[in-house]
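Observations on chain architecture
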Amino acid sequence: MPVTSIVQKDDILLEQTVQPSDDSPIYKLVQSVFAEVLAEFRDWKVKYCEHILHSLSHGKRSPRVPILDGDGTPLNIVGNVGGSPDRDTERLVAVTSYSEDGTPRSTSTIPLQVVHAELLEPHKPYESCSPISRNIFRGDDDDAMAFIPYADDATFDHADHMLCYSSFAWQDDYDPDLEVISLEAAYRLRTVHSLLYQDIDSTGVLPFKLFSTPGQPGVFTLSRRRDLLKWKGTTIPCSYSFPSRSSLSHGILQNRLERAHALFCPNLNCIESLCTVHVEYNPMPPPRKPTIRLSELLKRAERPCEAGCFLQIKTLLPRWSEDDISSFKTILDIEPDMIPCDHAELCFKPCHEVLHYRRLLYPDLNEPQIEHPNGEHKGRPRLQDFQDAVLHTFHRNEPCYHSGPCDVSSNCLCFKNKAHCQRNCRCPAKCARRWKGCRCAKIRNRMSCVNFKRCPCIEARRECDPELCVKCGCRYIEDPETSICGNSQIQQGHFKKLEVKESPWGLGVFLLEPAKQGDLIVEYVGELIYEMTFDSRGEVADYRGRSYVFGLNEALSLDSSRAGNSSRFINHSGASNASETQCNCRAFARLVNGEHRIGIFAIMNIDPESEILIDYGPAFFTEQKSAEAS
């Protein structure tokens, strides 16, 4: 009974899945096979657990090999060898090996060196923290509370804190064995009953979805992240690999490109797949329209390419499949202004066949060429309104992707957010809203941008862009001592060597090398969280008496209480007179290639072995000052 059908729309094959009813044959078959595998697994599990428990009750001891001295004879001297018990002594310990029936088998001795060490003081209590080098986008914590903090402390208001969550995580009835059972049932349905995996998935009988959905990995994906249990009833070969997506989509280039494109971060400064910082969707760019007539493109072919070039063959009529035509249309949507020889390299087709379908898909009608077909505008740009320089109230938007200009008519995200278009936006390169960068040049014996008057990047509180700021030298990743641009330290990772150790205020961060005024000491990293999570975590932080949260803007905060680096140990100093320790660094938020990041910068020259101190600000100690005043 087929439940998956293929339809064609706009020359693109689409999948349509029909939900089978509860009384359909395929639904009953999936239900029957799943129940069969479930019964087999439960029967095996009971016997397996009984076997393990029975083996533990014997108490068998493995035979030991007697330790011999240098001449091969067993050591039989047992006791102290000279010296006072208060000093370092050498002792011999007798080791007897027994057989299974309990009778002694052999006895040997092991020399031990006894060292009387001084009593070690335990380390002072501190919170554990996962080490990270980049921010992690967390958003909001799960609605299910993982555990109750300070559960054994009656002074903490547990009832009030639990109101921040909807349930407890341990209330969820999750059995990891069901993953193994679901995989076995799906494999039997596919190999024995010849059902497609997507048809099995559409019934909803299995406790897990086989294929992944946005934000929810499927059991096929989860199977690659764990070692599957080897049980007696499994029929899945060790070499078998479950598909990651529906096999019906593999032949369509557009779908494959969209999946691959979605893996990579839309921020061009980030080269990581499945990035933990920029979690927004990375869409495919809109189809581009041809800007050059086909007759003009053909004139650019100077010499024939390999066998089958259109310059040599002009009469053969090709016959492509629907997938071939769809793939070629996808390539034309990305880059239409290429000669047939170049398109042939991408299609793995003869050049003359490519030209034939190029004429069918985009016929050259000798119409007047559109001057700006992809949304570019000619003339003097209008006055623009930008708010991205006010970092406290501004929060970044996803890169814009649309046809036409970046204004209200195209529903541009950057226009609505009053932000500059970045180089990862899909709008034209000559968009009037695009950030232009700076034109600062290196000053003799001084760093550019930082010592240059009215650098637009510094005034906008953003680091220089390596593709736009071409004169200041920010594109060159050099040694911090010889770096040209002083406004690109965060993205280039010019951090100082630090050490975390005891300080007058507990654990602190100390400098291991000299730092000059304006040098970046370290980047403050952590989890990017929303306001609701900030409030729920704030209750625990207030009770603990320590908070590790920096405010980025009105929407996001940066919390390093659970994940961070050495910067979380930087202590506060808000000294008002010369007799107290003054702060020597300051935290600055910078817009780095479209992303808000916090850097700890030196505000004076700092010698090695000095502790890094910053002023937390008046808001951090509001409650403490109120308590002291009362």
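Keep in mind that what you see is a predicted model, and the values were worked out from it rather than measured.

Structural notes on the side chain of asparagine 584
Of note, asparagine 584 is situated in the loop between strand E17 (571-572) and strand E18 (585-592). Classification of asparagine 584 as buried rests on a relative accessible area of 8%.

So, the packing of helix H8 (residues 322-334) against helix H9 (residues 340-347)
Helix-helix packing: each pair is described by the crossing angle between the helix axes and the interaxial distance. Where H8 meets H9, the axes come as close as 11 Å, and the angle between the chain directions of the two elements is 125 degrees. As summarised for this structure, H8 and H9 are arranged oblique, according to the angle between their axes. Every pair of crossing elements has a handedness; the one defined by H8 and H9 is right-handed. Contact residues: Phe328, Ile331 and Leu332 in H8; His343, Leu346 and Cys347 in H9.

Concerning helix H10 (residues 351-361)
If you check which residues of H10 are buried, you get Cys351, His352, Glu353, Val354, Leu355, Tyr357 and Arg358. Those residues of H10 hidden inside the fold are in contact with helix H7 (294-299), H8 and H9.

Describing the nonpolar core
Among the nonpolar cores identified, the biggest contains 29 residues, and Val30, Tyr197, Ile200, Leu206, Leu210, Phe220 and Phe242 are the most heavily contacted of them. Sorting the residues of this core by element identifies helix H1 (25-57), helix H3 (177-191), helix H4 (197-203) and helix H5 (219-223) as the ones contributing at least two each. A total of nine residues in this core trace back to one element, the largest contributor, which is H1. Dropping the residues within four chain positions of it, isoleucine 200 is found in contact with Val30, Ala186, Leu189, Arg190, Leu195, Leu206 and Leu210. Judged by nonpolar contacts, the second largest core, of 18 residues, contains Ala301, Trp320, Ala344 and Leu355.

Side note on the environment of serine 448
Considering the arrangement of structural elements, one finds serine 448 in the loop between helix H11 (413-416) and helix H12 (456-459). Take serine 448: its relative accessible area is 0%, and that puts it in the buried class. Along the chain, serine 448 and lysine 471 lie 23 residues apart, while their C-alpha atoms are 9.0 Å from each other.

A closer look at the sheet that holds strand E14 (residues 549-551)
Taken together, four strands build an open sheet; the order of strands is E7-E13-E15-E14 and the sheet is mixed. Only two strands of the sheet have a single neighbouring strand rather than two, namely strand E7 (136-139) and E14. In this sheet, adjacent strand axes meet at a mean angle of 30 degrees when their direction is disregarded. Note that E14 and strand E15 (residues 557-559) share three bridges and pair antiparallel. The residue of E15 that forms the bridge with glycine 551 is serine 557. On top of the sheet, helix H14 (residues 531-544) reaches E7, strand E13 (527-529), E14 and E15; it is set at about 110 degrees to E13, its chief contact.

Topic: the pattern of salt bridges
Summed over all chains, the structure comprises 18 salt bridges. One salt bridge in this structure joins arginine 454 and glutamate 459, with 3.8 Å as the shortest N-O distance. What makes arginine 454 exposed here is its relative accessible area of 67%. Among the residues examined, glutamate 459 registers a relative accessible area of 46% and is labelled partly exposed. Arginine 597 is the salt-bridge partner of glutamate 523, the closest N and O atoms lying 2.9 Å from each other. Note that glutamate 523 is positioned in strand E12 (residues 520-524) and arginine 597 in strand E19 (residues 595-602), a separation of 74 residues in sequence. What makes glutamate 523 buried here is its relative accessible area of 2%. Using a relative accessible area of 5% as the deciding quantity, one classes arginine 597 as buried. One salt-bridge network, in which partners are shared between bridges, spans Arg138, Asp141, Glu527, Arg537, Asp559 and Arg562.

Here's the deal with a nonpolar patch on the surface
The grouping of Tyr48, Ile52, Leu53 and Leu56 at the surface amounts to a nonpolar patch, some 420 Å² of accessible area in total. Summarising the element assignment, leucine 53 is placed in helix H1. You can call leucine 53 exposed: its relative accessible area is 59%.

Details of the pairing of E19
Within E19, eight of the eight residues are buried, which leaves the element mostly enclosed by the surrounding structure. Where burial is concerned, the two faces of E19 agree: the one with Glu595, Arg597, Gly599 and Phe601 and the one with His596, Ile598, Ile600 and Ala602 are both buried. Looking at chain direction, E18 and E19 are connected through eight bridges and run antiparallel. Pairing of alanine 589 across the sheet is with isoleucine 598, part of E19. Linkage of E18 to E19, two consecutive antiparallel strands, is achieved through a turn of two residues, within which asparagine 593 is found at a positive phi near 50 degrees.

Side note on unusual backbone geometry
The backbone of serine 194 sits at a positive phi, close to 60 degrees, despite the residue not being glycine. With respect to the helices and strands, the residue serine 194 is situated in the loop between H3 and H4. You will see that glutamate 609, though not glycine, has its phi angle at about 70 degrees, which is positive.

Rules used in this analysis
Residues numbered from 1 in each chain as written. Predicted model: local features only at pLDDT ≥ 70, side-chain atom pairs only at ≥ 80, totals over all residues. Heavy atoms only, no water. Helix = DSSP H or I, 4+ residues; strand = E, 2+ residues; numbered from the N terminus. Buried < 20%, exposed > 50% of the residue type's maximum accessible area, 1.4 Å probe, protein only. Axes fitted to C-alpha atoms, helices over the stretch in contact; angles between N-to-C directions. Parallel < 35°, antiparallel > 145°, perpendicular 65-115°, else oblique. Left-handed = near helix turned anticlockwise from the far one by under 90°. Contact = heavy atoms within 4.5 Å. Core = buried A, V, L, I, M, F, W, Y, C linked by side-chain atoms within 4.5 Å. Pairing = 2+ DSSP bridges. Salt bridge = Lys/Arg side-chain N within 4 Å of Asp/Glu carboxyl O. Patch = residues over 30% accessible without salt bridge, like charges linked within 9 Å, V, L, I, M, F, W, Y side chains within 5 Å. Areas by Shrake-Rupley, 256 points an atom, 1.4 Å probe, with all protein chains shown as cover.

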